[in-house]
Amino acid sequence: MGSFLRLMRYVAKYWHLFIVSFVLIIINSYLAFIPQLVMRDIFNALTPPFDSTSVLGMLPVACLTIIVASVLSGVFVFCRDYAMRYVSQRALYDLRKSTFDALLSKSFSFYDQSQTGDIISRTTSDIEQVSRMLSMWIPRIAGTISTIIVAGGILFSINYQMTIILLLQVPFVFLITNRYRKLSRPIFRKQRKIFGEITTFLQQNIVGTRVVRIFTQENYEKGRFNDKNTRYLNQMLASAKLRGFYPTLNTLIMSVITAVLWWFGGGLVIDTFGTLMEFKWGDLVLFIQSMSRLTRPISFLSMSIRIYSQAMAASTRVFEVLDAEVDVKDKSDAFNLPSIKGEVKFEQVFFEYIEGKPVLKNINLTAEPGMTIAILGATGSGKSTFINLIPRFYDATSGRLLIDGYDIRDVTVKSVRKQIGIALQEVFLFARTIKENIAFGNPDVSMEEIIEAAKAAQAHDFIMSFPNGYETIVGERGVTLSGGQKQRITIARAILMDPKILILDDTTSFVDTETEHHIQKALETLLKNRTTFVITQRVSTIKNADKIIVLENGEIIESGSHEELIVKNGIYTKIYSTQFAPQEELTTQEIKLR
Amino acid sequence: MGFHGGGGIGSEQRRGPPWMRRDEKKKSERKVSDKNLLKRLIKYIVPFRQRMAILALLMLLGSIAGLLTPLLTQIVFDNIIVPGMVSGDKSGLTWWVMIMVALALGNWGLNYGRTYLISWIGNSTIYRLREDLFAKLQVLSLKYFAEGDTGRTMSRVTNDAETLSRFLGFEILDVISEAVTIFGSLFLMFSLSFNLTLVSLLTIPIMLAVPLFMRSRMRSTFRQARQSIAGVTSVLQESVSGIRVVQAFSRETQDAKTFDYVNMQNLKANLRVAMIAAFFHMGITIVRVAGTVILLWYGVTQIVAGNITLGVLIAFQLYMMRFMRPIMMLANFYNSYQEAMAGAERIFELMDMKIDVEEPPKTRRIELSQVNGEIKYDRITFEYEPGVPVLKDINLTISPNEKVAFVGPTGAGKTTMINLLCRFYDPTEGAVFIDGHNVHDVSFNSLRDHMGIVPQDSFLFQNTVRENIRYGKPEATDEEIANVTKVVGAHDFINRLPEGYDTMIREGATNISIGQRQLIAFSRALLKNPRILILDEATSSVDPYTELIIQEGLEKLLENRTSIIIAHRLSTVRNADRIVVINQGEIAEMGNHQQLMKKGGLYSHLYNMQFREPEIES
């Protein structure tokens, strides 16, 4: 019920349309009943012995009444249909919008734990299911209830016993429907879940095609897909079984009640014939026809319950996304970080992704404005985590991080990130033009500035080699770039931010030596007056850094300039001598001996 | 809709998101005829013909039961109630009611079987369809994946298949059974009263004309709705995948705008659908009333004239209701049919996608059971796009057990060399030979089984580390896995992961670093113990310390295998038997480290830049 009330909040905005629809629904349930009432009069007039001329005289008015009532009803139905669909489509739009906004605000830790395919199916098919319920379920329920009351009232005034028999169907239908709902809900939830799995799996397979082919695992992949596919099929069939049994049980009940109506009503017609309290055959026909008129709305009701349970399962999944906790958020009294000089200070910083497993331990470090800090360390030593803390992608578990003396948790996230340029290790380009990708953080810059940034990142030349130059679309629907080309665009993107703090996380690993050399040279001028954090495998960058820190298991074990560290004769010296120093004079044997 | 492409850059940004800039306009008309689509759909149902037959029988019985009810109504009226009014005899009612209840019970059973069978057939069909689509994705050339859009491809396998399933499951057979009802009703109606039947049928042509009239409008509206939802998925997919970049650059507002745009397009398209559907509904309702009125008028005059009884008129009214229902259904069916055909077209379009790189037919396919490891590139020219050669007339022979390094600037064509060897693409000219066999004639499996490739992007699956490593050799023991990971220096960090080898790799492998990913990908390739090992920038993001471990281990590993190493870090390649320097699609120079250094060409230039210059600079 919680999900339902919350959904209603999305619809509440359009309450006026709702009221209009409800009024239309109520009027319509009377209008729709008029033709039957008119026919009842005519049939009653046909009770033998009847007067031909008076019956024929009734016809024009009767037919006109039916036509007017029905045309009005048609127009009302049109308005109602459109209004309800409008509301549901609007709600769909709003819900999707707020989900998307929520997605944008979620912290990195949220994405670390969730899967793209799953998020997408929640935001598309789940939300659509919710909307379908809104457009179908609500008007139908309202229509059914209103019809039962309006038609029930009129029928009651004609014959109360027959009305009671007629309305007997309602409790039956409710009981059956309720039972159906209880049984089907878990199945629908499973269906959604498996469908989400299928989507995720599919996406993985598409993105990872190359690996599948390389390892000739096409059959294995097919097997796994079919396994999920089969589970989905089974759940679909399980729900079909329920659907076959319960809703049709409703039909059975109604047929039986109709038979009873005939039996009782027919008897009544025979018994009261010629008496004062005559129950005429026109009345009988009215009841029988009302029965079949009610059958459809009430069976819709049971169908709506099915949609309701699916939609509730779907909306729960949508709200889960909306409600997922945002770890990194602005404090209520957060202010904008003023223009910074670029001093970064780590004070006893600890960080753990999982409780009890610290990834960073007691980091203390001060980077003066304009300094270049190179971070060195084995895989998994915490290098990326270290730099992820600076733009507040995560918050330190304990300790603090200061930029120009401001604790970054006291200022707005946006104002921090706006002043930091980052080239992430994870190269991600959008399927847009190269120009848009470079200007991603700064869409309003001039073309000259974009070209300048691209030149600094050594990307200009290869960009110009494409027929469409900067307007070339990259990615899935455009040009495929090599790893090194992507990295250079990433660097240009970060440079264009003109940040006081620049973070380069292993951004030149795919770039060839010559290009890297040029990037390096260009960076030298660019890095002046910027505090820079660099993770790299490249010797020249490391050697030229103002400070090199060596991380091991989340701790800083060595720190200092190249000259300082080389003298220490520690880990840095070992790495430097084996990996970085020119050594064509040495044989492999000799390398090993060191 | 306003996508005209071109125009200024700024305006283009406002006009629409990139996914819509291309090809959307062309798609407004369907290319494949309904007949062809249906034929292919039917092929999917044929395997279930036995169940289909049972279903048809159930439906026929159901229709007959339905047809009997109005007739029974006429009988109860004219033969029981009317005489009863005179004689006061009610006994006929009781047995009549018994028959009605018996019919209802029978109908219930029929309904149950029918619902289940329909769902069974519909879902099983879609199961097969999905299976086939997925299988197709496994053989489609890599070119498709380089160009295609993941979101759209997925939408075909999920959304489109779902629409089709609804259509096959609920609609198509219902229409068949309704057809039986129509003809049955007609027959019985004519037998009751010829004139009344003719009058009743007066409005039918209009009923049929309305859907025909609205046909093409509905078609294109539904297609637009479909396309716009694919757009929503596509933008969503991109934003979610690139969320880290979005947040790092504080682009949340702009992204929200882009999404708002596609979301709005979808809303508009859906509202158009709503408008048309509501309009249609109204039109049908009004025509239907006309039918009711005509029947009433003529029927009553006929009763007054003594030509028919009231029972007959009531039976007619009931028949007309049964008659109208199938027609209403036909209208609804038409909607679903439209949606389903649009979906089917997109599905079959994917299924029919041409495979550029085709496996040779089984009859003349070579299975390589053993490979020596001799690789020969024979006058290879390759173009991804016509007229833009990436490789130009490459001739290169690699002997068994040779260790060859490809070196050269980005975009020189190194990875393409490997793509041709694995037959991810076919050369534009020339051929690649393994042990003297043209790779064009070799089965994919036997070709790739002998190769271990560590690709540039080191994609990992959402599975445990262990499963990822043994991806190419599912039967590998834990010991074998550990042996391999020790060699590449991955064992230690894997053990440090929260659950060691059982740690789940998340989507995009975001829970481990790129260097770690590369080491896992490296282990995965080595575990196969391939004859030919290809390292495409396999350790570019591995830290220098780990790189040292790998180099030591590799020495042993590369013995007795042919290996191709692509690396920018020249410390990795200097021990190769032969270094092939590729520049702008051509082999610029070749030789071992010493030879090339002496030569003073491109290689020595690159090498000096990497190792010497920093010293000079500092």
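In this text the structure is predicted, and so the values were computed from the model without any measurement.

Thresholds applied
Residues numbered from 1 in each chain as written. Chains lettered and ligands numbered in written order. Predicted model: local features only at pLDDT ≥ 70, side-chain atom pairs only at ≥ 80, totals over all residues. Heavy atoms only, no water. Contact = heavy atoms within 4.5 Å. Buried area = accessible area lost by both parts, 1.4 Å probe. Salt bridge = Lys/Arg side-chain N within 4 Å of Asp/Glu carboxyl O. Polar contact = N/O pair within 3.5 Å; in protein donor to acceptor, adjacent residues only side chain to side chain. Helix = DSSP H or I, 4+ residues; strand = E, 2+ residues; numbered from the N terminus. Buried < 20%, exposed > 50% of the residue type's maximum accessible area, 1.4 Å probe, protein only. Domains from an automatic or database assignment. Pairing = 2+ DSSP bridges.

Asker: Give me the lowdown on the interface of chain A and chain B, citing residues and values where you can.
Answerer: Between chain A and chain B, the residue contacts involve 180 residues of the former and 185 residues of the latter. Between chain A and chain B lies a buried interface of about 17,600 Å² when both sides are counted; carbon and sulfur atoms form 64% of it. Summed over the shared surface of chain A and chain B, the result is three salt bridges. Close ionic contact of Asp260 of chain B with Lys97 of chain A constitutes a salt bridge, the shortest N to O distance being 3.4 Å. Inspection of the chain A/chain B interface yields 17 residue pairs in polar contact (both at pLDDT 80 or more). Looking at which element gives the most residues to the side of chain A that touches chain B, the answer is helix α10 (residues 218–272) of chain A, with 31 residues.

Asker: How would you explain the pattern of salt bridges if you had to name every residue and give the values?
Answerer: Residue and element names in this part refer to chain A. Following the criterion strictly, the structure yields 35 salt bridges over all chains and no others. In this structure, Asp126 and Arg317 form a salt bridge, with 2.7 Å as the shortest nitrogen-oxygen distance. Taken together, the residues span a long stretch of sequence, with Asp126 in helix α6 (residues 116–158) and Arg317 in helix α11 (residues 281–323) at a distance of 191 residues. Arg317 matches Asp126 in its accessibility class, with the two residues each being buried. Arg409 is the salt-bridge partner of Asp407, the closest N and O atoms lying 3.5 Å from each other. Judged by its relative accessible area of 24%, Arg409 is partly exposed. The network of salt bridges with shared partners includes Asp118, Arg122, Asp126, Arg192, Arg317 and Glu320.

Asker: Report on the domain arrangement of chain B, specifying residues and quantitative values.
Answerer: Here chain B is partitioned into domain 1 (34–352), domain 2 (362–450 + 532–551 + 558–618) and domain 3 (458–529). Spacing between the C-alpha centres of domain 1 of chain B and domain 3 of chain B amounts to 51 Å.

Asker: I'd like a rundown of the sheet that holds strand β4 (residues 398–403) of chain A, residues and numbers included.
Answerer: Residue and element names in this part refer to chain A. With antiparallel pairing, the four strands of this open sheet are ordered in space as β2-β1-β4-β5. In this open sheet, the two edge strands, each paired with only one partner strand, are β2 (357–367) and β5 (406–407). The sheet contact formed by strand β1 (residues 344–354) and β2 spans seven bridges and is antiparallel. Paired with Glu352 across the bridge in β2 is Pro358.

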